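Chain by chain, the residues run as shown.
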Amino acid sequence: MTTALVVGAGISGLACAASLHAAGIDVAVAERGRAVGGRMASRRLRDTGSACDGRTVDIGASYFTASTPMYQDVVQDWIDRDLARAWTDTFHVADSDGVLGVRTGPMRYAANAGLRSLLHDLASRLPQVSVQCEVSSVRSDRGGLVVDERVVDAVALCMPNAQAHRIIDASVMTAEVESALTAVTYEPVIAVTLVFAQQCWNDFDGMFINDDPVLTWVANDGSRRGDGAPVLVAHVNPVLAAHHLHDAPSVVPLVIATVSRIMSLGQLPVWTDAQRWTYAKPLAAHREAFHLQADSMLGLAGDAWADGPRVETAWLSGHLLGEQMAHLLGDSD
Ligand SMILES: Cc1cc2nc3c(=O)[nH]c(=O)nc-3n(C[C@H](O)[C@H](O)[C@H](O)COP(=O)(O)OP(=O)(O)OC[C@H]3O[C@@H](n4cnc5c(N)ncnc54)[C@H](O)[C@@H]3O)c2cc1C
């Protein structure tokens, strides 16, 4: 049977594997993390000294949009099964001095149990998803593809380009692959979770913060989750984040002072945490949906493709790569 390996169990990797599986290809997914999800990351709060213990908070992507018809079907299925819900189309806008007003845009979706739960759902429909399984090299040997010591017919690398670049051996690194991988650079984010004893802000869903050296965005996780819990998640300006990647918690005091000033908060948080994302978002993305070296069957997908960088475009990139791989693998049988 034709075998394919998808490396990375973020949304692009799981979408890619789903397409391959649907086409009857024997597909496995290898994920180096302890759980699936990648940047659609949620964590359970513990030892916060508040009533929020046991609650899930989104510490990676804040929400997702669904404008692509194919992806809308996936989202509708999540909604029908009460896994996801339409969250809001209206966010506040602020600058360093305070809140300026509100802005309406496309509907943003959230997951009742955190975004990671949606990826658990995708993974549960696949035959083989291995976590804590880091791939260290993809090479060509006598015309075949070898991933670490495993021989496969096709490999999809579904992750930030810099991470893919690290594991592609010179034997499969064509000039085309090299330039596709190096053309896109990523900006970092530090996501700071702030747990309060009780809500001390006027109702809002999310807030874009323009031209501020400390913050770009604050999500009201209580509104996002629908439980009203007094939890905010603030994203640090990429320039500041880049200077603090080695010591993410050091930005927390500045984040607290900035959120408090902009939102006129009367309380300090009772618990905080800082999550570092070195490759949070590509600064620009390829217009093509994916890259596939048809001779070697090495594919690249993720949010650096399909006009990203968003959850929805990462899904589309993986989905379409999987379909094209399945098509070529089917032809070669
Ligand atoms: C802080 C933050 C906020 C964001 N906000 C939004 C938002 O509001 N809306 C939105 O649409 N998008 C947002 N994004 C972007 C969105 O999260 C991504 O576009 C999307 O999740 C990318 O999915 P992916 O599958 O391409 O990559 P990832 O989710 O990064 O998945 C790649 C996976 O590959 C694994 N991996 C890497 N190397 C290896 C290896 N060698 N072996 C095995 N596994 C490996 C990683 O562990 C990871 O799980 C945000 C991202 C961040 C970080």
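Residues numbered from 1 in each chain as written. Predicted model: local features only at pLDDT ≥ 70, side-chain atom pairs only at ≥ 80, totals over all residues. Heavy atoms only, no water.

(A) View of unusual backbone geometry. The peptide bond linking Gly308 to Pro309 adopts the cis configuration, its omega dihedral lying at 5°. Locating Pro309 in the fold gives a position in the loop between strand E18 (298-301) and helix H9 (311-332). Its identity is not glycine, yet Asp148 carries a phi of approximately 50°, on the positive side. Along the chain, the position of Asp148 falls in the loop between strand E9 (144-147) and strand E10 (150-152). (Helix = DSSP H or I, 4+ residues; strand = E, 2+ residues; numbered from the N terminus.)

(B) Highlighting the sheet that holds E10. If you walk across this open sheet you meet the three strands as E8-E9-E10, and the pairing is antiparallel. Of all strands in the sheet, those bounded by a partner on one side alone are strand E8 (138-141) and E10. Sheet twist, expressed as the average angle between the axes of neighbouring strands with direction ignored, equals 40°. Sheet topology places E9 next to E10; three bridges connect them, and they run antiparallel. Each residue of the ladder has a partner; that of Val146, found in E10, is Val151. (Pairing = 2+ DSSP bridges. Axes fitted to C-alpha atoms, helices over the stretch in contact; angles between N-to-C directions.)

(C) Just the domain arrangement of the chain, in detail. Split by domain assignment, the chain resolves into domain 1 (1-34 + 131-185 + 283-333) and domain 2 (43-114 + 186-282). Centre-to-centre, using C-alpha coordinates, domain 1 lies 30 Å away from domain 2. Across the domain 1 to domain 2 interface the summed buried area is about 1,500 Å²; carbon plus sulfur atoms make up 65%. Applying the counting criterion to the domain 1 and domain 2 interface returns zero salt bridges. Inspection of the region where domain 1 meets domain 2 yields six residue pairs in polar contact (both at pLDDT 80 or more). Of all elements in the fold, only helix H4 (161-167) and H9 reach the threshold of two or more residues within the side of domain 1 that touches domain 2. (Domains from an automatic or database assignment. Buried area = accessible area lost by both parts, 1.4 Å probe. Salt bridge = Lys/Arg side-chain N within 4 Å of Asp/Glu carboxyl O. Polar contact = N/O pair within 3.5 Å; in protein donor to acceptor, adjacent residues only side chain to side chain.)

(D) Quick look at the pattern of salt bridges. A complete count under the given rule lists 18 salt bridges for this structure. Among the ionic pairs, Arg139 bridges to Asp141, the shortest N-O distance being 3.9 Å. For Arg139, a relative accessible area of 25% gives the class partly exposed. It is possible to trace a salt-bridge network through shared partners that takes in Arg55, Asp58, Asp221, Arg224, Arg225 and Asp227. (Buried < 20%, exposed > 50% of the residue type's maximum accessible area, 1.4 Å probe, protein only.)

(E) Structural context of the packing of aromatic side chains. Under the criterion given, the structure shown has 14 aromatic pairs. Arranged with centres 6.0 Å apart and planes meeting at 70°, the rings of Phe64 and Trp78 form a pair that is edge-to-face. Residue Phe64 is located in the loop between strand E4 (56-58) and helix H2 (69-80), and its partner Trp78 is located in helix H2; the two are separated by 14 residues in the primary sequence. Both residues of the pair, Phe64 and Trp78, belong to the buried class. Taken together, a centroid distance of 6.3 Å and an interplanar angle of 85° make the contact between Tyr71 and Trp78 edge-to-face. Through pairs of rings, three or more aromatic residues link up here, namely Tyr63, Trp87, Phe91, Phe208 and Trp217. (Phe/Tyr/Trp six-rings, centres within 6.5 Å; stacked < 30°, edge-to-face > 60°.)

(F) Focus on the site of the ligand. Near the ligand there are 34 residues, and of these Ser12, Glu31, Arg39, Tyr63 and Asp303 occur at the shortest range. The side chain of Ser12 places a nitrogen or oxygen atom 2.7 Å from an oxygen atom of the ligand. For the ligand, a nitrogen atom lies 2.9 Å from a polar atom in the backbone of Val135. Of all the secondary-structure elements, those providing two or more residues to the shell around the ligand are helix H1 (11-22), H4, strand E16 (271-282) and H9. Per-element tally for the shell around the ligand: the top contributor is E16, with three residues. Classifying every residue of the shell around the ligand by side-chain character gives 17 nonpolar, ten polar and seven charged. (Near = heavy atom within 4 Å. Nonpolar A, V, L, I, M, F, W, Y, C, P; charged D, E, K, R; others polar.)

(G) Representation of the side chain of Glu312 in the model. Mapped onto the fold, Glu312 is located in helix H9. Buried charged residue Glu312 carries no salt bridge. Nearest counter-charge: Arg310, at 4.2 Å. The contact partners of Glu312, leaving out residues within four places of it in the chain, are Thr65, Ala66, Ser67, Thr68 and Tyr71. (Lys, Arg positive; Asp, Glu negative; His and termini not counted. Contact = heavy atoms within 4.5 Å.)

(H) Representation of the pairing of strand E5 (residues 84-95) within the structure. Pairing of E5 with strand E6 (residues 98-111) involves ten bridges; the strand directions are antiparallel. Each residue of the ladder has a partner; that of Ala86, found in E6, is Tyr109. Between E5 and the antiparallel strand that follows it, E6, lie two residues. In this structure, E5 lies alongside strand E13 (residues 206-209), joined through three bridges in parallel fashion. Note on E13: the bridge partner recorded for Ala94 is Ile209.

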